Amino acid sequence: MPNVTFHKNGHTLQGEVKPETNLVVRAGIRQFPHPLLTFGCGMGKCAKCACRVLSGAEHLPAPNWKEVKLLGSRLDDGFRLCCQLWLTHDIELAQDDIARSAPVEARPECM
Amino acid sequence: MAELMTQAEFRAALENAIKGRSANTSPFSVAWAEGKLSREHLARWAENHFHYVGPFADYLAYVYARMPDRYTEAKDFLLANMYEEEIGGDRHTDLLIRFAEACGTTRERVTDPDNMSPTTRGLQSWCYAVAMREDPIVAVAALVVGLESQVPSIYRRQTPTLRKIYGFTDEEVEFFDLHIVSDEIHGERGYQIVLEHANTPELQARCLKICEIGAQMRLLYTTALYNDYVAGTAPGLSVAA
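The rules behind these values
- Residues numbered from 1 in each chain as written.
- Chains lettered and ligands numbered in written order.
- Predicted model: local features only at pLDDT ≥ 70, side-chain atom pairs only at ≥ 80, totals over all residues.
- Heavy atoms only, no water.
- Helix = DSSP H or I, 4+ residues; strand = E, 2+ residues; numbered from the N terminus.
- Rg over C-alpha atoms; globule rule 2.2 N^0.38 Å.
- Buried < 20%, exposed > 50% of the residue type's maximum accessible area, 1.4 Å probe, protein only.
- Contact = heavy atoms within 4.5 Å.
- Pairing = 2+ DSSP bridges.
- Axes fitted to C-alpha atoms, helices over the stretch in contact; angles between N-to-C directions.
- Lys, Arg positive; Asp, Glu negative; His and termini not counted.
- Salt bridge = Lys/Arg side-chain N within 4 Å of Asp/Glu carboxyl O.
- Buried area = accessible area lost by both parts, 1.4 Å probe.
- Polar contact = N/O pair within 3.5 Å; in protein donor to acceptor, adjacent residues only side chain to side chain.

Section: the overall build of chain B
Link 1 in the chain: When you go through chain B residue by residue, the secondary structure sums to 12 helices and 0 strands.
Link 2 in the chain: Element order for chain B, N to C, with α for helix and β for strand: α-α-α-α-α-α-α-α-α-α-α-α.
Link 3 in the chain: In terms of overall size, chain B behaves like a compact globule, its C-alpha atoms giving a radius of gyration of 18 Å where 241 residues would be expected to give roughly 18 Å.
Link 4 in the chain: Looking at the 241 residues of chain B, the share that counts as buried comes to 53%.
Link 5 in the chain: For chain B, the proportion of contacts with a sequence separation of at least 24, taken over those separated by at least 6, is 79%.

Below, the structure is given as structure tokens:
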């Protein structure tokens, strides 16, 4: 079972989730990492659920087209959209106001 | 007289009420998952599906209006669900129409109610009737637990096929992607509301029965799509494969 460590504005939550868990779904049904995880549309359109992956990124699939379009150069800084991730391995994530409010800079080839 | 089930027992009973009647078992869903449908068949599916899911916020609005004030969380859930269907991001029906256009049909054909089959009209009418007439908790059991909660498992099977076998692009199948996340949230929140507020044996029994009927209705609708458009047993509705 994947172990998730979640950091937000100085707070840290840890929890175990079932394989193939989507953290936005969990937060949407008010389970860990609710209430810390901020999210919006759940459809890869708003980027409110963007988080920086501190460890475990190697187990994630390559960013999908929505992440490429919305996160742009922030992908290189380790950001991913939680609504687009189904977790299979341990992961450590950070979400903070700075991360969420950073401007979206789509890569030129994705415009 | 039946006794009140615990929430765990009631949850298992609700899941059992749907199990075996899942729309995944319909011949249309099986043919879809096996890559045996044509784009024309999928276009007919989209033209019908629009009239089932298009008014979903309308169904929920009736339930919202009749949900008691004291069930604040349930009302908020219904309102959020309506918002997400219509204006939270992309309007869900616009994404369905995008898929339909990729299948070769048009927005005008999709939105024209004359293009739905009699069975689809029956499912839509049932949804309206439940929303307007049933106890609001029973209506949530029907529309959200019985119908909406099935969607992630259906689309999880069908979406990879749309890309790999049918050759649709990511943008064209976005309608399916988004429902895997949003309807998993909606379905589970629906369960939570029903488990909390169906607090008499009589109400629990009614929720179980309507979940069975809801699952049957969706199975009937999906099976009819196969009969009408793939097997071509309904005069005037079939299309060439």
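Read on, since the account is not over.
Re the sheet that holds strand β2 (residues 11-16) of chain A
Residues and elements named next belong to chain A.
Link 1 in the chain: Taking strand neighbours across the sheet as the criterion, the 5 strands line up as β2-β1-β5-β3-β4 in an open arrangement whose pairing is mixed. On the outer flanks of this sheet lie β2 and β4 (79-81), each paired with one strand and no other. Put simply, the sheet's adjacent strands are angled 30° from each other on average, direction ignored.
Link 2 in the chain: Note: strand β1 (residues 3-8) against strand β5 (residues 91-94), 4 bridges, orientation parallel. In the strand pairing of β5, T5 is matched with E92.

Describing the side chain of R26 of chain A
Link 1 in the chain: You can see R26 of chain A is positioned in helix α1 (residues 23-28).
Link 2 in the chain: We note that R26 of chain A is buried and unpaired, the nearest opposite charge coming from E184 of chain B at a distance of 9.3 Å.

Points about the interface of chain B and chain A
By a widespread convention, an interface's size corresponds to the accessible area lost as its parts come together.
Link 1 in the chain: Each partner contributes to the interface: chain B provides 17 residues, whereas chain A provides 13 residues.
Link 2 in the chain: When the buried area of chain B at its contact with chain A is split by residue, E174, V181 and I185 of chain B rank highest and sum to 35% of it.
Link 3 in the chain: For the interface between chain B and chain A, the tally reads 4 salt bridges.
Link 4 in the chain: Ionic pairing is found between K66 of chain A and E174 of chain B, a salt bridge with its closest N-O pair at 3.4 Å.
Link 5 in the chain: The interface formed by chain B and chain A contains 5 residue pairs in polar contact (both at pLDDT 80 or more).
Link 6 in the chain: The set of elements that each furnish at least two residues to the side of chain B that touches chain A consists of α6 (92-102) and α11 (174-197) of chain B.

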